[in-house]
Amino acid sequence: MTAKILPQDKAAILAEALPYIKRFHGRTIVVKYGGNAMTDEKLKQSFARDVVLLKLVGMNPVVVHGGGPQIDDMLKRVGKTGHFIQGMRVTDAETMTVVEMVLGGQVNKEIVNLINQHGGKAVGLTGKDGNFIRAQKLLMPSQEKPGQTVDLGQVGDIVAIDPALIALLDSGAFIPVIAPIGVGEDNETYNINADVVAGKIAEVLRAEKLVLLTNTPGVLDKEGKLLTGITPRQIDDMVADGTLSGGMLPKIGSALDAARSGVKSVHIIDGRVEHALLLEILTDEGVGTLIKSK
Ligand SMILES: Nc1ncnc2c1ncn2[C@@H]1O[C@H](COP(=O)(O)OP(=O)(O)O)[C@@H](O)[C@H]1O
Ligand SMILES: CC(=O)N[C@@H](CCC(=O)OP(=O)(O)O)C(=O)O
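As annotated in an unreviewed UniProt entry, the chain carries the name Acetylglutamate kinase and is attributed to Georgfuchsia toluolica. Its UniProt record gives the chain the following Subcellular location (unreviewed entry) comment, quoted word for word: "Cytoplasm". Under the UniProt heading Function (unreviewed entry), the entry covering the chain gives this text: "Catalyzes the ATP-dependent phosphorylation of N-acetyl-L-glutamate."

Dropping the structure here:
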């Protein structure tokens, strides 16, 4: 049974939101919605409602989504297995076709639809729309073989992001929903890690906040305890001793880059908590991990 909330407590919670609404009015909040956080129907609904609420109280939410598990499901259906190196999917031409179909089609339109059902005006984009995410082939430094790079196939490294299209949508009361696909010099398609796209978009838009919603309480230490804040020094140590691994590697790297590039606050939070986004943005409640720039 859920505990009954007294009317005065409800009023106090609403009043608590006021300074945050004032502070963030007209500001850009980039929200990365991870594929692992979008598996539960109720959570998807609460996420969409939160995004609409932020827009209606005057902020400019920009959603960047992932879809790793959804890509894996589709790959399985066509008889392929997903393979990751240092948190990045090895992407051959056939995998790229699946990635584009799942991210740009299925997942993107599902989120757009959810937001619109709750009264928002979401518009789905990939980096191919207006060529707004320019990319080139990523040559990732190898952790195993220092001095060498890993060939990941059609995985992209962001060259430039044109903020004009997003600014246009924001000014027209639309909510941009972005799939992490980039376009190369010769119009080739690139698969880009969604955390990396979210971090770069936050930087280019000079966002107030970057919130990365994932499927853990935040960044966990060696004992599995939540770290409420993390410094670059701690990150280096945790990468070196293997405490940070897999999908957390690109996430923490792009979170740190964003914090160092002027995004005022960067958080990794638990997308499995209902209304995690509202708690993070509109209340005094500290949820997840704050990424410090120094
Ligand atoms: N130190 C750590 N703290 C928390 N999660 C970690 C850590 N190291 C590795 N991870 C892994 O990173 C995952 C989150 O990244 P990822 O699977 O890419 O999620 P998303 O789809 O949200 O981007 C976690 O589920 C966890 O398995
Ligand atoms: C290069 C690379 O790894 N791209 C990712 C893009 C999707 C993503 O980042 O999804 P999550 O946020 O759910 O992990 C992939 O193919 O899985």
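Undergrad: Whenever I open this one, the nonpolar core confuses me. Can you help?
TA: Nonpolar side chains in soluble globular proteins tend to be buried together. One finds Phe47, Ile115 and Ile281 to be the most contacted residues of the largest nonpolar core, which totals 41 residues. For this core, the element with the highest residue contribution is helix α4 (residues 93–117), accounting for 10 residues. Sequence-distant contacts of Ile281, defined by excluding residues within four places in its chain, comprise Tyr20, Phe24, Ile29, Leu54, Met59, Lys209 and Val211. Grouped together as the second largest cluster of nonpolar side chains are 39 residues, Val30, Tyr190, Val197 and Leu249 included.

Undergrad: Can you walk me through empty space enclosed by the protein in this structure?
TA: In the structure shown here, the tally under the stated rule is 1 cavity of 30 Å³ or more. Size it by volume and the largest cavity reaches roughly 80 Å³. What lines the largest cavity is a set of 13 residues, among which Ser46, Phe47, Gly271, Val273 and Ala276 lie closest to the centre. At the level of elements, α2 (41–56) and α9 (276–282) are the ones that each hand at least two residues to the lining of the largest cavity. The element best represented in the lining of the largest cavity is α2, accounting for 4 residues.

Procedures and definitions
Residues numbered from 1 in each chain as written. Chains lettered and ligands numbered in written order. Predicted model: local features only at pLDDT ≥ 70, side-chain atom pairs only at ≥ 80, totals over all residues. Heavy atoms only, no water. UniProt positions renumbered as here; feature names shortened; annotations may be inferred. Core = buried A, V, L, I, M, F, W, Y, C linked by side-chain atoms within 4.5 Å. Buried < 20%, exposed > 50% of the residue type's maximum accessible area, 1.4 Å probe, protein only. Helix = DSSP H or I, 4+ residues; strand = E, 2+ residues; numbered from the N terminus. Contact = heavy atoms within 4.5 Å. 1 Å grid on protein atoms, 1.4 Å probe; cavity = no way out; pocket = protein on both sides within 12 Å on 5 of 7 lines; lining within 4 Å. Points joined across faces, edges and corners; volume = space filled by probe spheres on them.

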